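Okay, here's what each chain looks like letter by letter:
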Number of protein chains: 2
Amino acid sequence: MSAIRVLLADDQALVRGALAALLSMEPDLDVVVEVGRGDEVVAAAREHRPDVALLDVEMPGLDGLSAARDLVAARLGCRILMVTTFGRPGYLKQAMSAGASGFVVKDTPAKQLADAVRRVHQGLRVVDPALAADSLTQGDSPLTERETDVLRAARDGGTVADVARELFLSEGTVRNHLSSAIGKTGARTRAEAVRVAVENGWLPPS
Amino acid sequence: MSAIRVLLADDQALVRGALAALLSMEPDLDVVVEVGRGDEVVAAAREHRPDVALLDVEMPGLDGLSAARDLVAARLGCRILMVTTFGRPGYLKQAMSAGASGFVVKDTPAKQLADAVRRVHQGLRVVDPALAADSLTQGDSPLTERETDVLRAARDGGTVADVARELFLSEGTVRNHLSSAIGKTGARTRAEAVRVAVENGWLPPS
DNA sequence: ACCCGGGCATGACACTTGTCATGCGCCGGG
DNA sequence: CCCGGCGCATGACAAGTGTCATGCCCGGGT
């Protein structure tokens, strides 16, 4: 049986190269293409036909979760293993519903990565157990779409007026949504609500 | 001449292992020890006597900058190459004044890492040129020590009252420091000031 | 047909925040 | 020596924020 063809997507060139070095030490794995942006994943996959795609969640252009969705939609028979720095409970759920077969965080031992790739290639699911537990406990985002929008717009420290202008809403409405988001997150200020939402993966960071 | 002995410190096991794989492909480099926490660096160095220490800035236990300071203080004749995810201008300055010989960000090409290690080992300085330029433009933190304290305490979304309690200050004083920090950062709200300060490396993240 | 939840809005209220003036004590440089 | 910057504080004011009640419109369930 021929080597497993791997696509590698991570925005940090150093990490990407290092992962390539790590995987290329395994004789049955073959890194056939590397990309540094989420929006290059599908094209690269179409060209190089990998068996497994290793996708980082945090990437410029298009985040890894959306890239995973697109990759599944492209129907290239390529299985997906998400890799991420942050063990946000929400990410796991989103990744799985996006069609990923596996999810590992960047502080799992290096030895296990190759194995995870092999497992995913065999059609098995690979999930960090601790994270899976969190994810079950956690449940979905309690925020409505609009609340999420408002919270995201307020993320960088803008005032109510800024948010209202950005979303074409009245200031009062923005305050209502914020208030409701603050309530649902158990926070006491807007900033705290943002922090909680980001930590749970209900809101994209940065 | 014998191989260059390298110490590797990074909190993410996967990245650490991958970097080790990358470096071990070079015949003249030898990764003699890996650690995952900043406070294990000095002890590991004492035991394994590396020629070059590769330190991540973001680490639990003790951040990479402090670890670098300690390592220099230990006088083990070990040169330091900082590696970081974030190209915060402030980090470079702090790293250099901590006694590091080099500073690379994680999106430099993987090929260059081994070279950087060799350069540092030879006593040369290695600095990302783009970052160096930023650092010069940027200048030091305009914030006083107290302003930094207050901003840090307000980072996670606490109220003025919370900060005042935490720092044993009057609420009015906290507001004054915050106001001054907001002015100096060119921000318009506390949250924005925090964001600006973190992005410039004037305030540690998370 | 009915009700309920979400989105949107207004208006009002209490509270928090940001700003400013002012004052005091301390320290270090011209 | 005196001045300026910093830390700390108070008090007051304006602006921004969080909460609540209330209302309207819509779409999806029972």
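Remember, predicted model here, so these are calculated numbers, not experimental data.

What counts as what
- Residues numbered from 1 in each chain as written.
- Chains lettered and ligands numbered in written order.
- Predicted model: local features only at pLDDT ≥ 70, side-chain atom pairs only at ≥ 80, totals over all residues.
- Heavy atoms only, no water.
- Near = heavy atom within 4 Å.
- Polar contact = N/O pair within 3.5 Å; in protein donor to acceptor, adjacent residues only side chain to side chain.
- Helix = DSSP H or I, 4+ residues; strand = E, 2+ residues; numbered from the N terminus.
- Buried < 20%, exposed > 50% of the residue type's maximum accessible area, 1.4 Å probe, protein only.
- Pairing = 2+ DSSP bridges.
- Right-handed = clockwise from strand over helix to strand, strands pointing away.
- Least-squares fit on C-alpha atoms with pLDDT ≥ 70 in both.
- Contact = heavy atoms within 4.5 Å.
- Phe/Tyr/Trp six-rings, centres within 6.5 Å; stacked < 30°, edge-to-face > 60°.
- Lys NZ or Arg CZ within 6 Å of the ring centre and 35° of its normal.
- Axes fitted to C-alpha atoms, helices over the stretch in contact; angles between N-to-C directions.
- Domains from an automatic or database assignment.
- Parallel < 35°, antiparallel > 145°, perpendicular 65-115°, else oblique.
- Left-handed = near helix turned anticlockwise from the far one by under 90°.
- Nonpolar A, V, L, I, M, F, W, Y, C, P; charged D, E, K, R; others polar.
- Core = buried A, V, L, I, M, F, W, Y, C linked by side-chain atoms within 4.5 Å.

### Regarding the protein's contact with DNA strand C
The environment of DNA strand C is made up of 16 residues, and the closest members are Thr 144, Arg 146 and Ser 170 of chain A together with Ser 179 and Arg 190 of chain B. A distance of 3.2 Å separates a phosphate oxygen of DNA strand C from a polar backbone atom of Val 160 of chain B. For DNA strand C, a base nitrogen lies 3.2 Å from a polar atom in the side chain of Arg 175 of chain B. If you list the elements that add at least two residues to the surface near DNA strand C, you get helix H7 (145–153) and helix H9 (171–185) of chain A together with helix H9 (171–185) of chain B. With 5 residues, H9 of chain A is the single largest residue contributor to the surface near DNA strand C.

### A look at the pairing of strand S5 (residues 102–105) of chain B
Residues and elements named next belong to chain B. Burial of the side chains of S5 extends over both faces: Gly 102 and Val 104 are buried on one face and Phe 103 and Val 105 on the other. The sheet contact formed by strand S4 (residues 79–84) and S5 spans 4 bridges and is parallel. Residue pairing in the sheet places Val 83 in a bridge with Val 104 of S5. Where the polypeptide runs from S4 across helix H4 (residues 89–98) and back to S5, its parallel neighbour, the crossover connection is right-handed. Inspection of the sheet shows S5 paired to strand S6 (residues 126–127) by 2 bridges, in the parallel sense. For Gly 102, the partnering residue across the bridge sits in S6 and is Val 126.

### A closer look at the relation of the copies chain B and chain A
Overlaying chain B with chain A gives an RMSD of 0.1 Å, the required rotation being 180° about an axis along which the chain moves by 0.1 Å. Such values leave the two copies arranged in the relation of a two-fold axis. Ranked by how close their C-alpha atoms come to the rotation axis, the residues of chain B are headed by Ala 18 of chain B, at 2.3 Å. Comparing interface residues between copies, 100% of those in chain B also sit at the interface in chain A, which points to an isologous, same-surface contact.

### Some words on the packing of aromatic side chains
According to the stated counting rule, one finds 0 aromatic pairs over all chains in the structure shown. A cation over an aromatic ring shows up here: Arg 88 of chain B above the ring of Phe 86 of chain B, its NZ or CZ 4.5 Å from the ring centre.

### What to know about the pairing of strand S3 (residues 52–56) of chain B
All names here are of chain B. For S3, the buried fraction is high: 5 of the 5 residues fall into the buried class. Along S3, one buried face is formed by Val 52, Leu 54 and Asp 56 and the opposite face, lined by Ala 53 and Leu 55, is buried too. Pairing analysis gives 4 bridges linking strand S1 (residues 4–9) to S3, with the strands arranged parallel. Considered in S3, the bridge of Leu 8 is made with Leu 54. Note that S3 and S4 share 5 bridges and pair parallel. Within S4, the position partnered with Leu 55 by the bridge is Met 82. Taken together, S3, helix H3 (residues 64–73) and S4 form a β-α-β motif whose crossover is right-handed.

### Focus on the side chain of Asp 56 of chain A
Residues and elements named next belong to chain A. By the element assignment, Asp 56 lies in strand S3 (residues 52–56). In this structure the side chain of Asp 56 is engaged in a polar contact, spanning 3.1 Å, whose partner is the backbone nitrogen of Glu 58. The contact partners of Asp 56, leaving out residues within four places of it in the chain, are Ala 9, Asp 10, Asp 11, Gly 64, Met 82, Val 83, Thr 84 and Lys 106.

### As for the protein's contact with DNA strand D
Near DNA strand D there are 16 residues, and of these Ser 179 and Arg 190 of chain A together with Thr 144, Arg 146 and Ser 170 of chain B occur at the shortest range. The sugar-phosphate portion of DNA strand D accounts for 65% of its atoms within 4 Å of the protein, the bases making up the rest. Asn 176 of chain A is positioned such that a nitrogen or oxygen atom in its side chain is 3.0 Å from a base nitrogen of DNA strand D. Contacts to DNA strand D include Asn 176 of chain B, whose side-chain N or O atom sits 3.1 Å from a base oxygen. Elements with a minimum of two residues in the surface near DNA strand D: H9 of chain A together with helix H7 (145–153) and H9 of chain B.

### Remarks on the sheet that holds strand S1 (residues 4–9) of chain A
Residue and element names in this part refer to chain A. Spatially, 6 strands are ordered S2-S1-S3-S4-S5-S6 in an open sheet, and the strand pairing comes out parallel. Of all the strands in the sheet, the pair left with one neighbour each is strand S2 (29–35) and strand S6 (126–127). Against the sheet, helix H3 (residues 64–73) touches S3 and strand S4 (79–84), its axis set at about 175° to S4. Most of the contacts of helix H5 (residues 111–121) go to S4, to which it runs at about 150°, and overall it touches S1, S2, S3, S4, strand S5 (102–105) and S6.

### Remarks on the domain arrangement of chain A
Once the domains are mapped, chain A shows domain 1 (4–138) and domain 2 (145–199). Taken over C-alpha atoms, the centre of domain 1 of chain A sits 32 Å from the centre of domain 2 of chain A.

### A look at the packing of H9 of chain B against helix H10 (residues 190–199) of chain B
All names here are of chain B. For the pair H9 and H10, the least separation of the axes is 9 Å and the interaxial angle reads 55°. In terms of their interaxial angle, H9 and H10 are classed as oblique. Judged by the twist between their axes, the crossing of H9 over H10 is left-handed. Counting all contacts with H9, which are made through Leu 178, Ile 182 and Thr 185, the residues of H10 involved are Arg 190, Ala 193 and Val 196. Grouping the constituent residues of the contact of H9 with H10 by class yields 4 nonpolar, 1 polar and 1 charged.

### Section: the nonpolar core
Formed by 48 residues in total, the largest nonpolar core has its most connected members in Leu 81 and Leu 113 of chain A together with Leu 81 and Leu 113 of chain B. Leu 113 of chain A has contacts with Leu 19, Leu 22, Leu 23, Leu 54, Leu 81 and Val 104 of chain A together with Leu 14 of chain B, leaving out every residue within four places of it along the chain.

### Some points on the sheet that holds S5 of chain B
All names here are of chain B. In spatial order, the strands read S2-S1-S3-S4-S5-S6; together these 6 strands make up an open sheet with parallel pairing. Two strands in the sheet have a free side with no partner beyond their single neighbour: strand S2 (29–35) and S6. With respect to the sheet, H4 is in contact with S4, S5 and S6, its orientation differing from that of S5 by roughly 150°. Along the sheet face, helix H5 (residues 111–121) touches S1, S2, S3, S4, S5 and S6 and points at about 150° away from the line of S4.

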